[in-house]
Amino acid sequence: MTISVEDVRTSRKVLAEMDYTPAKIDKGYAGQSLYVNLSEARIEPKTVTQEMKDIFTGGKGFGLRYLWQAVTPDTKWNDPENEIVISAGPIGGITQYPGSGKSLVVTLSPTTGSVIDSNVGGYFGPYLKFSGWDALELQGKSDKDVVLYIDGDKGKVTLEEIELETGASHLISEVLTEAFAESEEDKQHISVVSTGSGADNTLIGMLNFSWYDPRRQVVRMKQAGRGGIGTVFRDKKLKALVVRFSGLTGKNNNPADFGKIQRAGVKIHREINKFDDVQCRMRQVGTANLMTVMNDYDLLPVMNFKYGSHPEGKKISTEVFISKFTQNVYDGCWYGCSMSCCKAVDGFELKTGPFKGEKVVVDGPEYENAAALGSNWGIFDPDFIIEANFYCDTYGIDTISTGTMVAFIMECYEKGILNKEITGGLELNFGNKEAAMELLHQLGQGKGFGKIAGLAIRRMKKVFAEEYGADSNFLQDIGMEAKGLEYSEYLSKESLAQQGGFGLANKGPQHDEAWLIFMDMVNNQIPTFEDKAEALHYFPMFRTWFGLQGLCKLPWNDIEPEGNKQLEEANKVPEHVQNYVDIYNGVTGKNIDKEELIRQSERVYNFQRVFNLRLGFGRREHDRVPYRSQGPVTAEEYESRQERYDGQLKELGFDIEGMSTEDKMKVMRKHREDMYEKLIDAVYLRRGWTNDGVPKLETLKALGIDFPEVVDVVKKHL
Amino acid sequence: MKIVGKNEEECILCGTCEAVCSEYYFKEDNREKSAIQVSEIDEDPGVDINVCNQCGECIRFCPVLALSRAKSGTVILNKKKCIACFNCVGACPTESMFYHEDAVNPFKCIACARCTKECPTEAIFMEEVEL
Ligand code: SF4
Ligand code: SF4
Ligand code: SF4
C-alpha cells in the first residue's frame, strides 16, 4: 500500500492550468473565488461581490450562496452540477485568537438529499485565502482521478493526474505533503484535503484536512465529517486538493486594527493558561474531557442511545484518555490555538486491518468518537476506540455516523431483525469487538455486510423493512437519524430543549447548533417553552456565526473568564462575545455590535432553511425526530430508570398504581411527543416562521434576503 | 546562564533601563516597547521589575518552534519563523513576554546586559544562574 514520493513526482500529468496574481487580502477578504469545473477541466477566477460580503459574510454563507446558484430544485448529490464549496470566512486565518483557522465545507448530501455543512480544522481554508481565494467551488465530474493543486506562492492552479494507488487517506496526505514541499521546512506550508476508500464505498464519506506537525514531524488531519461530503468528493473523482502557501506572518488578513485583535488574543491566551487546567482540561485531553461527565450525568450514549451511562464507563473515562494522549505539546489545528485540543496518541500499534503491526499517530479520539465507537457499541476499551478512530479517518468515513449506525445495526441484530446469515457471519451483538472492527473494515473496503451498512440508517431502515420484514415503526423509533443524518453522541431524552436542538438543526441532528442539556436539564435555567424557544433561537444563531467567520466554537465556552459564572447571562459568556465583536471589527474595520452579529447569522440561517425548502425539505414534517431521542422505546429502557420515569408520571398527575410498564410507556410517550410539538410551535414563532416551519416573508424582508428567487420558493408554502 | 537579576528594593523607578532597551531595539524611547518594564505596585517593596528570567516555559507553546534556547542558555525568538500568535505571551508565568500593536512579533529580554550597565542604583544586574 505504500506509494513513493518519487512516483508521485514523476507521475504528475497536468490536465489544465491557470496562472494568476494572488489578490492582496483587504480586511479579511481576497475579493476573488476560484471556480473549477471537473467535467471540462476548466479553472476560472470569479469576483466576490459586495452583496456576497454584506449578506452572506463568508465561510458557510459563501458556500450556501454558491451552491444555491449551482443547483436546481431537482439536483441530486451525484449530479454533476452539485458543488463542494470550501471557504474560510473573513476572520479565518488570523493567528492571534484561538480557534481561527477553520474551513467551512458545503455540498448536497448523499444521506439527507439536502444541504450539509461541516466546520473543519487543518490549514487548507486559511492557506486558500492567503493564496488569493475567499472560496473554492468544485463542480462537475472528472472521468479519471484528479488532484487540484493551488500554489499560492507561484500563483498557479493546476488540475493534474497523479498516480496515487491507495485508498488510505493518511498516506495520501503524507505523500502529497512530501512531494509538493520543497524542503522539510516547507512541509508546514502545505495542506492536503483527501479521503479514503470508505468514501467510494459508503454514503458517509468525509474529508480529511491536513497540517504538518513540526514537533512530531508527521502529517496530521482533521475531519469535515458530517453528511457524506467525502462521498461527493469521490463521486467527482477528486483524489485530493493541495494548497501551498509559505508567506504566513500573522497579518496576512491585512486587518483594519491589528491592536484590537492582539489585545483580545492575549487576554484569552492568558485566561486559558490560567484556568484550563481547572476547567475543561482541553489542553490535556481535548473534548474527551466530557467522557466522565457524560457518564456521570446519564448522557453518554450507551448501546444505541438506550442508556446514558454504564458501570464500565470508567474504563473509558477522561483520566484514561489523558494517560493515552501525549501531554505538554502544542496541539492546535491552526496556528495560535492556545486551546490546543487536538490531542494525539503517538506510536500506537495497530492490531487489525491493512496496517496491522504498524505504529501510527492517531488524532483524537475526541469525545464524539469515543462515545460513537465505544460506549454506543457497548464497548469500553480505549485501545479499541483508538484503533477504530484511526481506521475511520484513513478510510475516510465519518466517525459519528459510523458509530450511530453500527449501534443501530447491533440493536437490530440483538432484536433478531438481522442474523448471521444476513450479516455474512458477523455476530453483531453489543460489545462484540471483533465483529464491530470487522464491520468497520468492511465499510472502509466496500465488502460484505459493509455494503448495506454503508447506506446509512435512513436507507437501511427501508432495506430491513422491505427485505427482512422488520416492523418499520420500531425501526423509526430506534434508528437515530433525522433528516437522513445520524445523531451525534448525546442523550437528549431528559432534555426537551436538546431534543429541539437536534431536531430543528438545519442540516440534521448535529450538536453544533445548540447544546442545551446542562442549561435545561441539569441547571433548570430555561423552564418555560418561551425560555427554551429563546435559547433555540439565540444559540443556533450565535453558533452559526462561527461558520461564517472560519472560527472554532470551542474557545467560546470551553474556557470561561473569571467571574463569568456570576453573570446573569453566564451561558452566553458575554466577555467572549465581546471578544468576537472586537476581532471581527479588528479584521474588517466595520463597527458591528453583538446584535448585528446575530443578524449576520440570521440571514444565512434563514437562507439555509429556504434552501432546504427549495430542495423539497425544510418543513415541520422534516423536523420530526425518532422517539429514542425523546424517551424510552423499550421496556428494558423504562425499567432501567423506573424510579425516574415513575416519578415523572406521578408528578404529571398519573395514578400509576397497577399500571404495566407498557401502559406507563404509552402515556409517557404521548406526553413527551406533545411537549415536543409545543416546543416546535414556540421556536417557529420566535424565529419568525409559520407553523409549518417556513420563514415568513416579513422575516426575510427584515433580514434583507427577500431576493425574488428566495421569495418564489417560500411563496409556494405560505 | 546569564539573566538579568533584580533587586527591587533598590529601584527608584527612573525608567533608564526601559529607555535603553526600547531605544536599542525599537529606536524610540517608549517603555511599552521595552523588554524590561518597571512599575509601582501596592505590595512591598513598592516596585515590580518585570523581565524575563529565561525559564523557558514559553518554548513548548510555540506552534512553529520559533522559540529556542541559544547556546548561552538564553531563550530567543526567531522572528523569521514567528507567526505572531502570542501564545508565548499568554504562557509566560511572569508576563515577561511583551507585545505592542506596532510590532508584529512579541519581544523579550535576551540578556544583552545593556540596561544593567546604565542602571544608576544596581537594582538590575547580570546574574549567573543554573539552567
Ligand atoms: S480548540 Fe481545538 S478544534 Fe478548536 S481550533 Fe483549537 S485546536 Fe482546533
Ligand atoms: S519569556 Fe517568560 S516564559 Fe519565556 S523564558 Fe522568559 S520568563 Fe520564561
Ligand atoms: S508569537 Fe511567535 S514566538 Fe510566540 S508562540 Fe507565537 S509564533 Fe511562537
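Below: a short report on this structure. (Residues numbered from 1 in each chain as written. Chains lettered and ligands numbered in written order. Predicted model: local features only at pLDDT ≥ 70, side-chain atom pairs only at ≥ 80, totals over all residues. Heavy atoms only, no water.)

1. Some thoughts on the overall build of chain B
And step 1. Within chain B, the secondary structure is distributed over 3 helices and 6 strands.
And step 2. In chain B, the order of α-helices and β-strands from amino to carboxyl end is β-α-β-β-β-β-α-α-β.
And step 3. Over its C-alpha trace chain B gives a radius of gyration of 14 Å, about what one expects of a compact globule, namely 14 Å for 131 residues.
And step 4. Once the C-alpha set of chain B is aligned to its principal axes, its extents read approximately 40 × 35 × 25 Å.
And step 5. When burial is assessed residue by residue, chain B has 50% of its 131 residues classed as buried. (Helix = DSSP H or I, 4+ residues; strand = E, 2+ residues; numbered from the N terminus. Rg over C-alpha atoms; globule rule 2.2 N^0.38 Å. Buried < 20%, exposed > 50% of the residue type's maximum accessible area, 1.4 Å probe, protein only.)

2. Let's talk about the overall build of chain A
And step 1. Counting its regular elements, chain A contains 30 helices and 17 strands.
And step 2. Against the compact-globule benchmark of 27 Å for 718 residues, chain A has a radius of gyration of 24 Å, which places it among compact chains.
And step 3. A separation of at least 24 residues holds for 71% of the contacts in chain A among residues at least 6 apart in sequence.
And step 4. Carbon and sulfur atoms form 47% of the exposed surface of chain A, whose accessible area is close to 23,700 Å².
And step 5. Across chain A, the 86 positively charged side chains and the 105 negatively charged ones have centroids separated by 2 Å. (Contact = heavy atoms within 4.5 Å. Areas by Shrake-Rupley, 256 points an atom, 1.4 Å probe, with all protein chains shown as cover. Lys, Arg positive; Asp, Glu negative; His and termini not counted. Charge placed at Lys NZ, Arg CZ, Asp CG, Glu CD.)

3. What to know about the site of ligand 1
And step 1. All residues adjacent to ligand 1 are A:Gly99, A:Lys102, A:Asp331, A:Gly332, A:Cys333, A:Cys337, A:Met339, A:Cys341, A:Cys342, A:Cys552 and A:Leu554.
And step 2. Each residue belonging to the shell around ligand 1 can be placed in one class, and the counts come to 7 nonpolar, 2 polar and 2 charged. (Near = heavy atom within 4 Å. Nonpolar A, V, L, I, M, F, W, Y, C, P; charged D, E, K, R; others polar.)

4. Side note on the environment of A:Phe707
Residue and element names in this part refer to chain A.
And step 1. Note on placement: Phe-707 falls in the loop between helix H29 (697-703) and helix H30 (708-715).
And step 2. Relative accessible area serves as the criterion here: at 13%, Phe-707 is assigned to the buried category.
And step 3. Among all residues touching Phe-707, those that are not within four sequence positions of it are Glu-51, Ile-55 and Phe-56.

5. Brief notes about the pattern of salt bridges
Residue and element names in this part refer to chain A.
And step 1. All chains considered together, the criterion is met by 80 salt bridges over all chains.
And step 2. Notably, a salt bridge pairs Asp-213 with Arg-216, separated by 2.8 Å at the nearest N-O pair. Accessibility classification places Asp-213 together with Arg-216 in one group, the buried group.
And step 3. Connected via shared salt-bridge partners are Asp-213, Arg-216, Arg-220, Asp-331, Lys-343, Asp-346 and Asp-363. (Salt bridge = Lys/Arg side-chain N within 4 Å of Asp/Glu carboxyl O.)

6. What about the pairing of strand E2 (residues 32-37) of chain A?
All names here are of chain A.
And step 1. Burial within E2 is extensive, with 5 of its 6 residues counted as buried.
And step 2. Relative to strand E3 (residues 42-47), E2 is paired through 6 bridges, and the arrangement is antiparallel. Bridge pairing links Leu-34 to Pro-45 in E3.
And step 3. Count of turn residues in the E2/E3 antiparallel hairpin: 4 residues, of which Ala-41 carries a positive phi of about 50°.
And step 4. Both E2 and strand E7 (residues 135-139) contribute to a ladder of 5 bridges, which runs parallel. The residue bridging Leu-34 from the neighbouring strand is Leu-136, located in E7. (Pairing = 2+ DSSP bridges.)

7. Quick look at the packing of helix H20 (residues 496-503) of chain A against helix H28 (residues 661-687) of chain A
All names here are of chain A.
And step 1. Where H20 meets H28, the closest approach of the two axes is 10 Å, and the angle between their N-to-C directions is 65°. As for the relative orientation of H20 and H28, their crossing is right-handed in sense. Seen from H20, the contacting residues are Leu-496, Gln-499, Gly-500 and Gly-503; seen from H28, they are Met-675, Tyr-676 and Leu-679. (Axes fitted to C-alpha atoms, helices over the stretch in contact; angles between N-to-C directions. Left-handed = near helix turned anticlockwise from the far one by under 90°.)

8. Here's the deal with the side chain of A:Lys507
All names here are of chain A.
And step 1. Considering the arrangement of structural elements, one finds Lys-507 in the loop between H20 and helix H21 (517-522).
And step 2. Residue classification places Lys-507 among the buried positions, given a relative accessible area of 5%.
And step 3. Within polar-contact distance, the side chain of Lys-507 engages the side chain of Asp-117 at 3.1 Å.
And step 4. A polar contact of 2.7 Å, which involves the side chain of Lys-507, links it to the side chain of Asp-512.
And step 5. The contact partners of Lys-507, leaving out residues within four places of it in the chain, are Thr-112, Val-115, Ile-116, Asp-117, Lys-483, Leu-485, Asp-512 and Gln-608. (Polar contact = N/O pair within 3.5 Å; in protein donor to acceptor, adjacent residues only side chain to side chain.)

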